[in-house]
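Residue-level structure breakdown
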Amino acid sequence: MPIPAPIPVPVPVHTTVGIIGAGPAGLLLARLLHDAGIDCVVLESRDRAYIEQRQRAGILEQSTVDVLRSAGAGERMDREGLPHDGIELRYDRRSHRIDFPSLTGGRRVMVYAQTEMVKDLVAQQLADGAPLFFDAEVAGIEGVHDVNDTATATGAPTIHFHHRDRGPATLTCDYIVGCDGFHGVARNAVPAGLRRTYERTYPYSWLGVLAQAPPAYDELIYAHSSRGFALASMRSPTVSRLYLQVPGGTDPAEWPDARIWDELDARLATDADPGWKLERGPVVAKSVLPMRSWVVEPMRYGRLLLAGDAAHIVPPTGAKGLNLAVADVVVLARALVQRHVTGSTELLDAYSETCLRRVWRAEHFSYAMTELLHTDPAHSAFETKLQLSQLDRIAHSRHAAAELAENYTGLPIAPPSPYAS
Ligand code: RFL
Ligand code: PHB
């Protein structure tokens, strides 16, 4: 069904918090600030249909689920999402289940696609939230170095953007938040001499497949095999989301449907169930995703704050990217509420450090899961033996399994401040 065109509303010339990007980070931040009575405006370069259809993450950590519920955006998630209590690891033709609640004191995850979470947040925001403008591409920002609390219209942080129908415009703000993802422009306002980036690329990619076929199993299966990594995930009881490790630079056209299914069956094979095969169905989307670990520090410069993929990227093996974006904006909303209610910038001053502590744990987990489960073309038999030994340790040691389960279900977001709404 076509999405009705929104009723044109004037773009404000000033707001308290200007948010660049309507991905999960920007949309959730706008909801949390609006609920706390703080003015904000969201500028998004793409149109609504595009951001609502972009196939991306699928696993929500326990704390992401809790945050969405408390923000009033959890109703459809609770109806249609699939709560999961564990994952299955397959390696060396063996299978081992990791049970989250028993290893983490009751934590679990929810299978609910990022596309659906974005649809819920957009609908909520357009119904009763802060102004959200699609087709509004930010070209640059200035004035963020002004950390003087009495910012005036002349010295205020300013966003320069171009709206598809209304042309060039500016928005002055007390604070600007760059939620504009890995390819965004906001972080360019941090002087190069103050910005540090940390990066690792991996010598393989994922072929991501969406198929109209029932999921392989009632939980996700992560498989290490000599043919490469495979992951069987899902979107609903009738739609599967499947991933195969492929060489970097692979053209999805090299992977006709039959080849995809045959390869998944081969990589997921287990002696625990020798006849086991995936149920096949039409493949409706295929794309190749590069794998990267990347962090920019600091996440704050003057009146500019960075959140989500604008500040850090993880390889998707640990299902952390979307959840990190949510954790950042929860910490940021608390800090902006404290500033609004008490005038104190204590939490804002600590924002970068607070987030980066958790970000680096997620970077480590995502890197470790990636290295553990993939077949690196440069690896020797020695490194493959180390991978199998570590998988066996996870299967046989409660401590090792608990470490995986705690990280997968999500480390706690920093404690709430007394000013949290
Ligand atoms: P997003 O979702 O990238 O949103 C950024 C938004 O900013 C807009 N934008 C601009 N708007 C105005 N002016 C500009 N100049 C702008 N430049 C950019 C963009 O159009 C966009 O709408 O970042 P956010 O909100 O931080 O959310 C992060 C998550 O989206 C991301 O971490 C995850 O999706 C990562 N990720 C995955 N994570 C998982 O946990 N599991 C996965 O399976 C998984 N698959 C993926 C992914 C990321 C992908 N990307 C980024 C290529 C698959 C892909 C393809
Ligand atoms: C997904 O369902 O898209 C998904 C699940 C787990 C991951 C990555 C992606 O680790």
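Keep in mind that what you see is a predicted model, and the values were worked out from it rather than measured.

Strands pair in a sheet through their backbones, by hydrogen bonds, and they do so in one of two ways: parallel or antiparallel. An order of β6-β5-β13-β14-β15-β12-β16-β19 is seen for the 8 strands of this open sheet, with the pairing classed as mixed. This sheet does not close on itself; its edge strands, each paired only once, are β6 (94-99) and β19 (312-313). Where strand β16 (residues 283-297) meets β19, 2 bridges bridge the pair, whose relative direction is antiparallel. Across the sheet, the residue bridging to Trp294 is Ile313, located in β19. Running at roughly 125 degrees to strand β5 (residues 86-91), helix α11 (residues 398-409) makes contact with β5, β6 and β13 (220-224) of the sheet.

The next subject is the confidence of the model for the protein chain. Of the residues in the protein chain, 94% have a pLDDT of 70 or more, and the chain-wide mean is 93. Counting interchain partners and residues more than four positions distant, the pLDDT-below-50 stretch residues 149-153 has 9 contacts.

Under the criterion given, the structure shown has 8 aromatic pairs. Ring centres of Trp206 and Phe229 lie 5.3 Å apart, and the angle between their planes is 20 degrees; on these two criteria the pair is classed as stacked. Of the two residues, Trp206 sits in strand β12 (residues 196-211) while Phe229 sits in the loop between β13 and β14 (230-236), which places them 23 residues apart along the sequence. Relative to Phe229, the ring of Tyr222 has its centre 6.3 Å away and its plane inclined at 45 degrees; by these criteria the two rings are tilted. Comparing Tyr222 with Phe229 shows no difference in burial state: the two are buried. Taken together, Phe100, Trp206, Tyr222, Phe229, Tyr243 and Tyr408 form an aromatic cluster joined through their ring pairs. Here the basic side chain of Arg90 rests over the ring of Trp276, its NZ or CZ set 4.4 Å away from the ring centre.

Ranked by internal contacts, the top residues of the largest apolar core, which has 79 residues, are Ile19, Leu28, Leu33, Leu43, Leu60, Ile141 and Ile159. Broken down by element, this core gets its largest block of residues, 13 residues, from helix α8 (residues 321-342). Excluding anything up to four places from it in sequence, Ile141 contacts Ile20, Thr158, Ile159, Ile176, Ala186, Ala189 and Leu304. Core analysis: the next-biggest nonpolar cluster, separate from the first, contains 34 residues, Tyr222, Phe365, Leu372 and Leu373 among them.

Let us look at the site of ligand 1. Neighbouring ligand 1 are 33 residues, the closest being Ala25, Glu44, Arg54, Gln114 and Asp309. The contact in question runs from an oxygen atom of ligand 1 to an N or O atom on the side chain of Tyr243, over 3.4 Å. Bound to the protein, ligand 1 loses 85% of the 1000 Å² it would expose on its own. Contributing elements (two or more residues each) for the shell around ligand 1: α1 (24-35), β9 (136-142) and α8.

Rules used throughout
- Position numbers for residues start from 1 in each chain and track the written sequence from start to end.
- Key to labels: chains lettered from A, ligands numbered from 1, both in the order written.
- Totals for whole chains, interfaces and linings use every residue, but because this is a predicted model, local features are given only for residues with pLDDT of at least 70 and side-chain atom pairs only at 80 or more, for both listing and counting.
- In computing side-chain values, all of the structure's heavy atoms are included and hydrogens and water are not.
- A pair of strands is labelled paired if DSSP reports no fewer than 2 bridges between them.
- Helix and strand labels come from DSSP, where a helix needs a run of H or I of at least four residues and a strand needs a run of E of at least two; each type is numbered from the N terminus.
- Any two residues having at least one pair of non-hydrogen atoms within 4.5 Å are treated as being in contact.
- To get an axis, a line is fitted to the C-alpha atoms, and for a helix only the part in contact is used. The angle between two axes follows their N-to-C directions and goes from 0 to 180 degrees.
- The pLDDT value expresses, per residue, how confident the predictor is, ranging between 0 and 100.
- Ring pairs are drawn from Phe, Tyr and Trp, using the six-membered ring of Trp, whenever the two centres fall within 6.5 Å, and their geometry is named by plane angle: stacked under 30 degrees, edge-to-face over 60, tilted for the rest.
- Under the scheme applied here, a residue whose accessible area is under 20% of the maximum for its type counts as buried, over 50% as exposed, and between as partly exposed, the area being computed with a 1.4 Å probe on protein chains only.
- Over a ring means this: the NZ of a Lys or the CZ of an Arg is within 6 Å of the ring centre and within 35 degrees of the ring normal.
- Among the buried residues, those of types Ala, Val, Leu, Ile, Met, Phe, Trp, Tyr and Cys that are joined through side-chain atoms within 4.5 Å form a nonpolar core.
- Here a residue counts as near a molecule or strand whenever at least one of its heavy atoms sits within 4 Å of it.
- Distance and chemistry together define a polar contact, namely a pair of N or O atoms within 3.5 Å, with one atom able to donate a hydrogen and the other to accept it when in protein, and with adjacent residues in sequence counting only for side-chain atoms on both sides.
- Only the protein chains shown count as covering a residue, and every accessible area follows the Shrake-Rupley method with a 1.4 Å probe.

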